[in-house]
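Architecture and fold: a report
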Amino acid sequence: MRLGMVGLGRMGANMTRRLLRGAHEVVVSDLSADNVKHVASEGAIGSSSLDDFVAKLRPPRIAWLMVPAGTATEQTVQALAQRFQKGDIIIDGGNSFFKDDVRRSRQLQPNGIHYIDVGTSGGVWGLERGYCMMIGGPREAFDHLNPIFKTLAPGRGDIARTPGRENVPGTAEDGYIYCGPSGAGHFVKMVHNGIEYGLMQAYAEGFDIFRNANSNELAPEYRYNLNLGDIAEVWRRGSVVSSWLLDLTAMALTENPTLSEYTGFVQDSGEGRWTIQAAIDEAVPADVLSAALYARFRSRQEHTFAEKLLSAMRQKFGGHVEPKAGGTKELVRT
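What you are looking at is a predicted structure, and each value in this text was computed from that prediction instead of being measured. (Residues numbered from 1 in each chain as written. Predicted model: local features only at pLDDT ≥ 70, side-chain atom pairs only at ≥ 80, totals over all residues. Heavy atoms only, no water.)

**A short note on the overall build of the chain**
Of the regular secondary structure elements, the chain holds 13 helices and 8 strands. For the chain, whose C-alpha radius of gyration is 22 Å, the value lies close to the compact-globule estimate of 20 Å for 334 residues. Here the C-alpha coordinates of the chain stretch approximately 75 × 50 × 40 Å along the principal axes. Burial statistics for the chain: of 334 residues in total, 49% are counted as buried. (Helix = DSSP H or I, 4+ residues; strand = E, 2+ residues; numbered from the N terminus. Rg over C-alpha atoms; globule rule 2.2 N^0.38 Å. Buried < 20%, exposed > 50% of the residue type's maximum accessible area, 1.4 Å probe, protein only.)

**With respect to the nonpolar core**
In globular proteins that are soluble, nonpolar side chains generally tend to be buried together. Membership of the largest hydrophobic core comes to 30 residues, with the highest contact counts inside it found for Met5, Trp64, Ile116, Met133 and Phe149. Looking at which element gives the most residues to this core, the answer is helix H7 (residues 139-152), with 6 residues. Ranked by size, the runner-up nonpolar core spans 23 residues in total, among them Ala204, Leu228, Ala232 and Leu253. (Core = buried A, V, L, I, M, F, W, Y, C linked by side-chain atoms within 4.5 Å.)

**Observations regarding a nonpolar patch on the surface**
Together, Leu218, Tyr222, Tyr224 and Leu226 line one region of the surface with nonpolar side chains, adding up to about 400 Å² of accessible area. Residue placement: Leu226 occurs in the loop between helix H8 (184-211) and helix H9 (228-235). (Patch = residues over 30% accessible without salt bridge, like charges linked within 9 Å, V, L, I, M, F, W, Y side chains within 5 Å. Areas by Shrake-Rupley, 256 points an atom, 1.4 Å probe, with all protein chains shown as cover. Salt bridge = Lys/Arg side-chain N within 4 Å of Asp/Glu carboxyl O.)

**Overview of the packing of aromatic side chains**
Summed over the entire model, instances satisfying the criterion amount to 13 aromatic pairs. Between Phe97 and Trp274 the ring centres are 4.8 Å apart and the planes differ by 35°, which places this aromatic pair in the tilted class. Taken together, the residues span a long stretch of sequence, with Phe97 in the loop between strand S5 (89-92) and helix H5 (98-108) and Trp274 in helix H11 (residues 270-282) at a distance of 177 residues. Seen in terms of ring centroids, Phe142 and Tyr178 are 5.2 Å apart; in terms of plane orientation they differ by 45°. Their pairing is tilted. In this pair, Phe142 sits in helix H7 while Tyr178 sits in strand S8 (residues 176-180), placing the two residues 36 residues apart along the sequence. Exposure remark for Phe142: the relative accessible area of 3% places this residue in the buried category. Given a relative accessible area of 24%, Tyr178 falls into the partly exposed group. Here a set of aromatic residues connected by ring pairs shows up, and it is made of Trp64, Phe142, Phe149, Tyr176 and Tyr178. Note that Arg129 overlies the ring of Trp244, its terminal NZ or CZ placed 4.0 Å from the centroid. (Phe/Tyr/Trp six-rings, centres within 6.5 Å; stacked < 30°, edge-to-face > 60°. Lys NZ or Arg CZ within 6 Å of the ring centre and 35° of its normal.)

**Overview of the pattern of salt bridges**
Scanning all chains against the criterion turns up 22 salt bridges. Put simply, Arg61 and Asp88 hold a salt bridge, and the shortest N to O gap is 3.1 Å. Taken together, the residues Arg61 in the loop between helix H3 (50-55) and strand S4 (62-65) and Asp88 in the loop between helix H4 (71-83) and S5 connect sequence positions 27 residues apart. Among the residues examined, Arg61 registers a relative accessible area of 14% and is labelled buried. Between Arg236 and Asp247 there is a salt bridge, and its shortest N-O distance comes to 2.8 Å. Placement of the pair is Arg236 in the loop between H9 and helix H10 (244-255) and Asp247 in helix H10, with a sequence separation of 11 residues. Residue class for Asp247 comes out partly exposed when judged on its relative accessible area of 24%. Here the salt bridges do not stand alone but share partners, grouping Glu74, Asp92, Asp100, Arg103 and Arg104 into one network.

**Things to note about the confidence of the model for the chain**
In the predicted model, the chain carries a mean pLDDT of 94, and the fraction of residues at 70 or more is 97%. Segment residues 326-334 is flagged for pLDDT under 50; beyond a separation of four residues in sequence, or across chains, it makes 20 contacts in the model. (pLDDT = per-residue confidence, 0-100. Contact = heavy atoms within 4.5 Å.)

**Remarks on the packing of H11 against helix H12 (residues 287-299)**
Following both chains from N to C, one finds H11 and H12 inclined at 140°, their axes separated by 10 Å at the closest point. Overall, the two elements H11 and H12 adopt an arrangement that is oblique. In the crossing of H11 with H12, the sense of the turn from one axis to the other is left-handed. Mapping the contact onto sequence places Gly272, Arg273, Thr275 and Ile276 in H11 and Leu289, Ser290, Leu293 and Phe297 in H12. (Axes fitted to C-alpha atoms, helices over the stretch in contact; angles between N-to-C directions. Parallel < 35°, antiparallel > 145°, perpendicular 65-115°, else oblique. Left-handed = near helix turned anticlockwise from the far one by under 90°.)

**A short note on the sheet that holds strand S6 (residues 114-121)**
An order of S3-S2-S1-S4-S5-S6-S7-S8 is seen for the 8 strands of this open sheet, with the pairing classed as mixed. Two strands lie at the open edges of the sheet, namely strand S3 (45-46) and S8, each paired on one side alone. Looking at chain direction, strand S2 (residues 25-29) and S3 are connected through 2 bridges and run parallel. Paired with Val28 across the two strands is Gly46, which belongs to S3. Contacts from H4 reach strand S1 (2-6), S4, S5 and S6, with the element oriented near 170° to S4. The strands touched by H5 within the sheet are S5 and S6, with S6 carrying the most contacts at an inclination of about 155°. (Pairing = 2+ DSSP bridges.)

Next up, the structure:
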């Protein structure tokens, strides 16, 4: 299929490469002409402007957006809406707020333009591992885009089937699902990221306890000088707490057991806050997820080993680079 990719950052560029490997034709657009030129040299179809981008697509036109949530996404959606026609499809693969998806979908519906929201997980590793996708929007548009989702998704791989799913239809085992109408995909991804905060915080606090097990505050007979890298590694092998986040933790601790390159300044994205707001709206207790979010706020004031480990995990799975010490402490949505 031919589609367009707007935004050639860490994920957008790699998603384009994965689509090209799957024999799709991809027209690319980015604010940086150098980014367009670089990806075009690998087989994509470059464009010099948004008008040129749209002109190189074929009806029904498909534009996949991988730009920062908020103003950038809003402006791009509106610009494409002015150029698209009935039957065309706009896909937001970033981390937009699900209520914005509902609003945009309703706005585009009278003109017959389909709006699809795709919560995309995979980070900088997605090119090789594939992308886990949670998708919302019109079902007929999802069905039309299925070959694209199938190419981007991890596939079944060597993961053992969950007992009882042998006769369950659907694409969940392939790494992507249709969640429901507009906003459902980003809603599921929003909570996914909230849970991610909690998991990361649990690992970080646990390893901080290990690191301080030889504290002078403890009686000598209860002090332990533990090898954190070895603990992370052994937990990867048969432990009930094994996970990809633990794999990345083991990697970071092997590279530098003290994590001295990290300050522990941990950013948060909109999804963590939105998850807590959704819990409030639904009157659902979310003690762990709330505490994990607040721990990130605290990390910007004082830095413990736990926060350094959070920074290390974020850098490993998403390529997120923390601000330098003393730098501007602004919210970065990633």
